[in-house]
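Results of the structural survey
Each chain, written out:
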Amino acid sequence: MELLEFARGPAMNVAMTVFIFGVVWRLVALLALPYRGIKSRPREGVIPEGEISSGFKGVVRRMWPYPTFVKAALFSTVNGYVFHIGLAIIVFGFGPHILFFKNLIGLSWGNLPNNLVYAVGVLTVGSLVAALVHRLVDLPKRLISTFNDYFSWLVTFAPVVTGLLASAHLGARYETLLAVHILSIALFLIWFPFGKLMHSFLFAFSRGVTGIRMKHRGAQI
Amino acid sequence: MSDDATLGDMLAKRGVSRRAFLKYAAYTASIMALPATSTKVIAQALAKARRQSVIWLSFQECTGCTESLTRSFSPTLEDLIFDFISLDYHHTLQAVSGDAAENARHTAMAENKGKYIVVVDGSVPIKDDGIYSTIAGMTNLDMLNETVKDAFAVVSVGTCAAFGGIPRAKPNPTGAVAISEIIKDKPLINISGCPPIPEAITGTLSYVLSFGKIPELDHLGRPKAFFGETIHDRCYRRPFYERGMFAKSFDDEGARNGWCLYELGCKGPVAYNTCATLKWNGGTSFPIQSGHGCLGCSEPDFWDMGGFYKPLSTSLGSVGTAAAAAAAAGAIVGAGSAMLARRHQENYLKDLADKDEEI
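These notes cover the structure that comes with them. Counting starts from 1 at the beginning of each chain's written sequence and moves along it residue by residue. Labels are handed out in written order, letters beginning with A for the chains and numbers beginning with 1 for the ligands. Restriction of local features to residues with pLDDT of at least 70 applies here, the model being predicted, together with a cutoff of 80 or more for giving and counting side-chain atom pairs; totals for whole chains, interfaces and linings are based on all residues. Water and hydrogen atoms were dropped before computing side-chain values, which therefore reflect all heavy atoms in the structure.

Time to look at the overall build of chain A. When helices and strands are counted, chain A shows nine helices and zero strands. By definition, any uninterrupted DSSP run of H or I lasting at least four residues is a helix, any uninterrupted run of E lasting at least two residues is a strand, and each is numbered from the N terminus. In chain A, the succession of α and β elements from N to C terminus is α-α-α-α-α-α-α-α-α. A principal-axis box enclosing the C-alpha atoms of chain A has dimensions of 70 × 40 × 35 Å. Exposure categories follow from relative accessible area, calculated using a 1.4 Å probe and restricted to protein chains: below 20% of the type maximum is buried, above 50% is exposed, and the middle band is partly exposed. Relative to its full complement of 221 residues, chain A shows a buried share of 36%. Residue-level accessible areas treat just the shown protein chains as cover; the underlying method is Shrake-Rupley with a 1.4 Å probe. For chain A, the accessible surface area stands at approximately 12,300 Å², while carbon and sulfur atoms represent 73% of it. Separation between the mean location of the 20 positive side-chain charges and that of the 8 negative ones in chain A comes to 11 Å. In this count, Lys and Arg are taken as positive residues and Asp and Glu as negative ones, while His and the chain termini are left out. Charged groups are reduced to one reference atom each: NZ for lysine, CZ for arginine, CG for aspartic acid, CD for glutamic acid.

Okay, structure coming up:
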């Protein structure tokens, strides 16, 4: 069996199966836990507000740091937006990727020019490298970083780089690069539910709950 | 015509001008991506060349490769057969049959021992001792081994000979294999394609005649001059790919405007061949220009590459059932995890309550 055939067939199918299994497992395990509410009295003077509203505010408010922390967190925040938006453009805006989704779920949408996606890809690679360097240079970040952080970075970085190499036919024959690109995505999908990449789903829950608790205690959301 | 006569003598006798001969040499050098100085070398070498004995074996094939060769634009078949090579054995083209045909093969082998070229089109069945294809009472396997034994080189013409081709497609009932899987001790050139580009066949043979050696090959044994780049790299529709402009169906506006056929399953990005540059029928057109995506016919196992109309970026097979099972299993395991966590929580709270009572 050729490498490309293996990548497009068994490797990708197994990876998607593991991805679905893992994501459903983690979400059900989390959402099926009982919500016991907050037993303490709300802080005096706090205007009663629904938990959904507080939770939603918590999600939205944390999209930008508090003024006090803007200076310290500016690079991580802006750089985070750059590679997250970059990844979204690459994954959902590139024609061949849309075909992948169409084949999988039957839905498709308009694609962006390939050259634009390549440019975004280069920017995203730069941004991801900057994120890694920042993590290594910043002492507190480096101290709290674990294998999970570095491996999650690697499996995110690899598909972007291999995709760009495949587009440019750099380093090997196109079919080999394409196979390596697909295999790197397979690795991404397998790792996704069990590592920090799961924040794609969990960030809303964690921010929401934090928002509710903070409001209850009278803190500014 | 004497076999001792050189090609130059023969051409002079036929009234072919030196200018026309040089033109052909330049054309050959050009399509083989050789430097301009090679024109002189080719012209001189070919002029001195004596007729090359060629034995053409056809096994599990459809005769499409011979059809392709007979439509060679330059040099013409007439040039090739009567001027360049001595085609001593070819099932389809030879006039004789039966024992006379087999005698011609044996005579050519004996008279040109160690010098003749064996051209093979078609795969060889090896299952059940190769009984699925026989010629003159011999299995293809036996005939190949017998003929190649004293050959100078072997040229596998067409994807069936080069990689097994359609006979080898799943489930491969005859156990078809490529020539390279049988012949290990001779120089071997693969000229793949279903059929191969005629100029790739004749150009390669001309190179061997001119330089007395095989041209530079890729990792699949194909001449790099013809198989060095993908169809996609040289496709005139490539700018549409870069702009993200794809035909969605064979009769939509995109198709009419000549947009990229990637979404319709074109395998150009993974097909190494020269269709987009040399084209077919004297440079008239090629499949993509005619509105259909490339099938990747010059690549191994192209028949089993997941469907001609399935885009390259899609996964092969279906994960529908597996995905549903995975989701169900995930939900069950997740619910089990949550149940254990609940029990743990309740026990913890109960312990706390008990401790409070004790205090």
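Once you've had a look at it, read on.
Attention now moves to the overall build of chain B. Within chain B, the secondary structure is distributed over 15 helices and nine strands. Over its C-alpha trace chain B gives a radius of gyration of 29 Å, far above what one expects of a compact globule, namely 21 Å for 359 residues. C-alpha extents for chain B along the principal axes are approximately 120 × 50 × 35 Å. Burial statistics for chain B: of 359 residues in total, 51% are counted as buried. Between two residues, a contact is recorded if the distance between any of their heavy atoms is within 4.5 Å. Taking contacts inside chain B between residues at least 6 apart in sequence as the whole, the part at least 24 apart equals 73%. Of the side chains in chain B, 35 bear a positive and 39 a negative charge, and the two mean positions are spaced by 8 Å. Put simply, the radius of gyration uses C-alpha atoms, and a globule should come to 2.2 Å times the residue count raised to 0.38.

Residues that lie three or four places apart on an α-helix share one face, since the helix turns once every 3.6 residues. A helix's residues, less one, multiplied by 1.5 Å, set its expected span. For helix α9 (residues 199–216) of chain A, spanning 18 residues, the distance from its first C-alpha to its last is 24 Å, which sits close to the expected 26 Å at 1.5 Å a residue. At the C-terminal side of α9(A), Gly218(A) shows a positive phi close to 85°.

Looking now at the pairing of strand β7 (residues 153–157) of chain B. All names here are of chain B. Of all five residues in β7, five are buried; the element is thus mostly enclosed. Bridging between strand β3 (residues 117–121) and β7 involves five bridges; their strand directions are parallel. Bridge assignment links Val 120 to a residue of β7, and that residue is Ser 156. Strand pairing is assigned whenever DSSP identifies at least 2 bridges connecting the two strands.

One recurring pattern in soluble globular proteins: nonpolar side chains tend to sit buried together. Residues Val155(B), Ile231(B) and Ile288(B) are the most contacted members of the largest nonpolar core, which totals 88 residues. No other element matches the seven residues that helix α8 (residues 174–191) of chain A contributes to this core. Residue ranges for the domains originate in an automatic or database domain assignment. Of the residues that make up this core, three or more belong to each of domain 1 (7–227) and domain 2 (231–344) of chain B. If sequence neighbours within four positions are ignored, Ile288(B) has contacts with Ile231(B), Cys235(B), Tyr236(B), Arg237(B), Leu261(B), Cys266(B), Gly293(B) and Cys294(B). Here, nonpolar core means buried Ala, Val, Leu, Ile, Met, Phe, Trp, Tyr and Cys residues that are tied together by side-chain atoms lying within 4.5 Å of each other. Of all hydrophobic cores here, the second largest spans 23 residues; its members include Val120(B), Ile135(B), Met143(B) and Ile179(B).

All names here are of chain A. Pairing of aromatic rings covers Phe, Tyr and Trp, the last through its six-membered ring, and needs centres within 6.5 Å; plane angles under 30 degrees mean stacked, over 60 mean edge-to-face, and all others mean tilted. This structure, assessed with the given rule, holds 23 aromatic pairs over all chains. Judged by centre distance (5.5 Å) and plane angle (20°), the ring pair of Phe 92 and Phe 101 falls under stacked. According to the relative accessible area criterion, Phe 92 is partly exposed, its value standing at 44%. An angle of 15° between the planes, with centres 4.5 Å apart, marks the rings of Trp 153 and Phe 157 as stacked. Pair noted here: Trp 153 and Phe 157 are both in helix α7 (residues 147–168), with a separation of four residues, about one helical turn. Under the relative-accessibility criterion, Phe 157 is labelled buried at 17%. Charge over a ring is defined by NZ of Lys or CZ of Arg lying within 6 Å of the ring centre and within 35 degrees of the ring normal. Over the face of the ring belonging to Tyr 66 we find Arg 61, whose NZ or CZ atom lies 4.5 Å from the ring centre.

Along the chain, the position of Glu175(A) falls in helix α8. Expressed as a C-alpha distance, the spacing of Glu175(A) and Glu5(A), which sit 170 residues apart in the sequence, is 9.7 Å. Residues within four places of Glu175(A) in sequence aside, it is in contact with Leu4(A), Val270(B) and Tyr272(B). A distance of 2.9 Å separates the side chain of Glu175(A) from the side chain of Tyr272(B), its partner in a polar contact. Pairing of N or O atoms within 3.5 Å defines a polar contact, subject to two protein rules: one partner must be a possible hydrogen donor and the other a possible acceptor, and residues neighboring in sequence count only if both atoms are side-chain atoms.

All right, on to the interface of chain A and chain B then. If you look at the interface, chain A gives 37 residues, while chain B gives 47 residues. By the criterion of area lost to chain B, the three top residues of chain A are Arg8(A), Leu99(A) and Arg173(A), representing 20% of everything that side buries. Definition used for salt bridges: Asp or Glu carboxyl oxygen within 4 Å of a side-chain nitrogen of Lys or Arg. For the pair chain A and chain B, the number of links is one salt bridge. The interface formed by chain A and chain B holds 17 residue pairs in polar contact (both at pLDDT 80 or more) in total. Element by element, the count of residues in the side of chain A that touches chain B is highest for helix α1 (residues 3–31) of chain A, at 14 residues. Note: buried area is the sum, over both parts, of the accessible area (probe 1.4 Å) each one loses when the two are combined.

Turning next to unusual backbone geometry. Note: most peptide bonds trans; most residues except glycine with negative phi. The omega torsion across Lys170(B) and Pro171(B) is 10°, close enough to zero to call that bond cis. Residue placement: Pro171(B) occurs in the loop between α8 (159–163) and β8 (176–177). Of the consecutive residues Cys194(B) and Pro195(B), the connecting peptide bond is found in the cis state with omega at 0°. Turning to its location among the elements, Pro195(B) is positioned in the loop between β9 (188–191) and α9 (198–211). In the Ramachandran plot, His169(A) falls in the positive-phi region, its phi being about 55° despite a non-glycine side chain. By the secondary structure assignment, His169(A) is in the loop between α7 and α8. We classify His169(A) as partly exposed; its relative accessible area is 24%. Positive phi values are uncommon outside glycine, yet Ala136(B) reaches one of about 55°.

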